Amino acid sequence: MSSYRPSATQDLEDRRASRSYRVLFGWLGLEVVGYALAVLLASDEPTSGCSGLCFSPQGTLVLFAMVFGVFVLGGQVIVGMLLTKIFNRNRLGSFANGTAAYFITFVVAALVLTVLAVAQSS
């Protein structure tokens, strides 16, 4: 059996893969917008009774984003793109591929951050 594929089929698969990546990046964009809203809606008043270096809840969220958020988002992009590529081999729709890849990366990122938080507190 020949492995030759007509170009129309390859073009269709490329368009489906492109749509899957757009769905993945759409979910990641919603994640960033949600975090930005959390930062904007957080209080910018420092906590009372603090001595030394004090951060407001808003400052803490910004610091967290700079220290961990950039790396977590970068990891989500890389792992999400790899998962989307793997999922595109199946015959699922592009929305299902991009959404599944995003939510798997979201759960993995949440687990990693939880493990890091528990390790630091012990």
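Note that the structure is a prediction, hence the values are computed from the model and not measured.

### Looking at the environment of Val 32
Its location among the elements puts Val 32 in helix α1 (residues 7-41). Counting along the chain gives 22 residues from Val 32 to Cys 54, while the straight-line C-alpha distance between them is 25 Å.

### With respect to helix α3 (residues 94-121)
For the α-helix, the turn length of 3.6 residues means that residues three or four positions removed from each other point alike. Taking 1.5 Å per residue as the helical rise, α3 with its 28 residues ought to reach 40 Å, and the 41 Å between its terminal C-alpha atoms agrees with that figure. Ser 94, Asn 97, Gly 98, Thr 99, Ala 101, Tyr 102, Thr 105 and Ala 109 are the residues of α3 that are buried.

### Things to note about helix α2 (residues 57-87)
Taking 1.5 Å per residue, 31 residues should reach 45 Å; α2 reaches only 39 Å between its end C-alpha atoms and comes up short. Phe 68 marks the point of greatest bend in α2, at about 50°. Taken together, the buried positions of α2 are occupied by Gln 76, Gly 80, Leu 83, Thr 84 and Phe 87.

### Some remarks on the packing of aromatic side chains
To describe a pair of aromatic rings, you give the distance between the ring centres and the angle between the ring planes. On inspection of all chains with the given rule, the structure shows 5 aromatic pairs. Seen in terms of ring centroids, Trp 27 and Tyr 102 are 5.7 Å apart; in terms of plane orientation they differ by 10°. Their pairing is stacked. With a gap of 75 residues between them, Trp 27 in helix α1 and Tyr 102 in helix α3 connect regions that are remote in the sequence. Measuring from centroid to centroid gives 5.9 Å for Tyr 102 and Phe 106, while their planes differ by 35°, and the two rings are tilted. On the criterion of helical spacing, the pair formed by Tyr 102 and Phe 106 is a turn pair, its members being 4 residues apart in helix α3.

### Quick look at the layout of surface pockets
Its volume calculated, the largest pocket comes out at about 390 Å³. Lining the largest pocket are 17 residues, and of these Glu 31, Tyr 35, Gly 69, Val 72 and Leu 73 lie nearest its centre. When contributions to the lining of the largest pocket are tallied by element, the ones reaching two or more residues are α1, α2 and α3. Residues belonging to the lining of the largest pocket are distributed by class as follows: 14 nonpolar, 2 polar and 1 charged.

### Considerations on the confidence of the model for the protein
Summarising the model, the protein shows a mean pLDDT of 85, and 90% of its residues fall at 70 or more. Mean pLDDT across the elements of the protein bottoms out in α1 (85) and peaks in α3 (90).

### As for the packing of α2 against α3
Contact geometry for α2 and α3: axes closest at 8 Å, N-to-C directions at 140°. In terms of their interaxial angle, α2 and α3 are classed as oblique. α3 is crossed by α2, and the crossing has right-handed handedness. Residue-level inspection shows Phe 64, Val 72, Gln 76, Val 79, Gly 80, Leu 83, Thr 84 and Phe 87 of α2 in contact with α3, the latter providing Asn 97, Ala 100, Ala 101, Tyr 102, Ile 104, Thr 105, Phe 106, Ala 109 and Leu 113. Per-class residue counts for the contact of α2 with α3 are 12 nonpolar, 5 polar and no charged.

Analysis parameters
Residues numbered from 1 in each chain as written. Predicted model: local features only at pLDDT ≥ 70, side-chain atom pairs only at ≥ 80, totals over all residues. Heavy atoms only, no water. Helix = DSSP H or I, 4+ residues; strand = E, 2+ residues; numbered from the N terminus. Expected span 1.5 Å × (residues − 1). Buried < 20%, exposed > 50% of the residue type's maximum accessible area, 1.4 Å probe, protein only. Bend = angle between axes of the 7 residues up to and from the residue. Phe/Tyr/Trp six-rings, centres within 6.5 Å; stacked < 30°, edge-to-face > 60°. 1 Å grid on protein atoms, 1.4 Å probe; cavity = no way out; pocket = protein on both sides within 12 Å on 5 of 7 lines; lining within 4 Å. Points joined across faces, edges and corners; volume = space filled by probe spheres on them. Nonpolar A, V, L, I, M, F, W, Y, C, P; charged D, E, K, R; others polar. pLDDT = per-residue confidence, 0-100. Axes fitted to C-alpha atoms, helices over the stretch in contact; angles between N-to-C directions. Parallel < 35°, antiparallel > 145°, perpendicular 65-115°, else oblique. Left-handed = near helix turned anticlockwise from the far one by under 90°. Contact = heavy atoms within 4.5 Å.

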